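Next come the chains, spelled out residue by residue.
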Amino acid sequence: MISIIANGFQLFMNYIVAIIVAIVLALALKLPLLPEKPIRFSWTKSALFPTPVFAIGILAIFYSLNVFWIYNGLLIAIVVGLFSAIFVKYLFDYVFPNPQGGSE
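This one's a predicted model, so the numbers in the text were calculated from it and none came from an experiment. (Residues numbered from 1 in each chain as written. Predicted model: local features only at pLDDT ≥ 70, side-chain atom pairs only at ≥ 80, totals over all residues. Heavy atoms only, no water.)

Asks: Would you explain the overall build of the protein in this entry?
Replies: In terms of regular secondary structure, the protein is built from three helices and zero strands. Along the protein, helices (α) and strands (β) appear in the sequence α-α-α when read from the amino end. Taking contacts inside the protein between residues at least 6 apart in sequence as the whole, the part at least 24 apart equals 65%. Counting only carbon and sulfur atoms, one obtains 71% of the accessible surface of the protein, whose full area is about 7300 Å². (Helix = DSSP H or I, 4+ residues; strand = E, 2+ residues; numbered from the N terminus. Contact = heavy atoms within 4.5 Å. Areas by Shrake-Rupley, 256 points an atom, 1.4 Å probe, with all protein chains shown as cover.)

Asks: Quick question: what am I supposed to make of the packing of helix α1 (residues 8-28) against helix α3 (residues 74-95) here?
Replies: Axes are the key here: two packed helices are described by the angle between their axes and the distance separating the axes. Axis separation between α1 and α3 bottoms out at 8 Å; the angle between their running directions is 30°. α1 and α3 meet at a crossing whose hand is right-handed. On α3, the residues that touch Asn-14, Val-17, Ala-18, Val-21, Ala-22, Leu-25 and Ala-26 of α1 are Leu-74, Ala-77, Ile-78, Gly-81, Leu-82, Ser-84, Ala-85 and Ile-86. Broken down by class, the residue content of the contact of α1 with α3 amounts to 12 nonpolar, three polar and no charged. (Axes fitted to C-alpha atoms, helices over the stretch in contact; angles between N-to-C directions. Left-handed = near helix turned anticlockwise from the far one by under 90°. Nonpolar A, V, L, I, M, F, W, Y, C, P; charged D, E, K, R; others polar.)

Asks: Whenever I open this one, unusual backbone geometry confuses me. Can you help?
Replies: Glycine aside, residues mostly have negative phi angles, and peptide bonds mostly take the trans form. In this chain, Phe-49 is followed by Pro-50 through a cis amide linkage whose omega measures 10°. With respect to the helices and strands, Pro-50 occurs in the loop between α1 and α2 (51-64). Even without being glycine, Lys-30 reaches a positive phi, approximately 70°. Among the structural elements, Lys-30 can be located in the loop between α1 and α2. Even without being glycine, Asn-72 reaches a positive phi, approximately 55°. Take Asn-72: it is sitting in the loop between α2 and α3.

Asks: What is the right way to read a nonpolar patch on the surface from this model?
Replies: The grouping of Trp-69, Ile-70, Tyr-71, Leu-74, Ile-78, Val-79 and Leu-82 at the surface amounts to a nonpolar patch, some 660 Å² of accessible area in total. Among the secondary structure elements, Leu-82 is positioned in helix α3. (Patch = residues over 30% accessible without salt bridge, like charges linked within 9 Å, V, L, I, M, F, W, Y side chains within 5 Å. Salt bridge = Lys/Arg side-chain N within 4 Å of Asp/Glu carboxyl O.)

Structure representation (structure tokens):
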């Protein structure tokens, strides 16, 4: 088994690439940049939250499993960024439904 070891700077740059790809694709898929006001109590999806959070989390899982694929993880960072934006746009509400209830 061949193990590819990437240094810390490469991993950091791959996280940045995954975040940028996720935000750009989320904006291209017409997600708003910020959630609606008031942001603190908003359950709307946006390009800045939760899209990059999913990208960082999924990429961290791949790196903890020593899956770097090729180009020291750069290609997997791009794929994870694409997947996270598509997931938030189309599948997020099915996996994490909005909370029931409200102010009574």
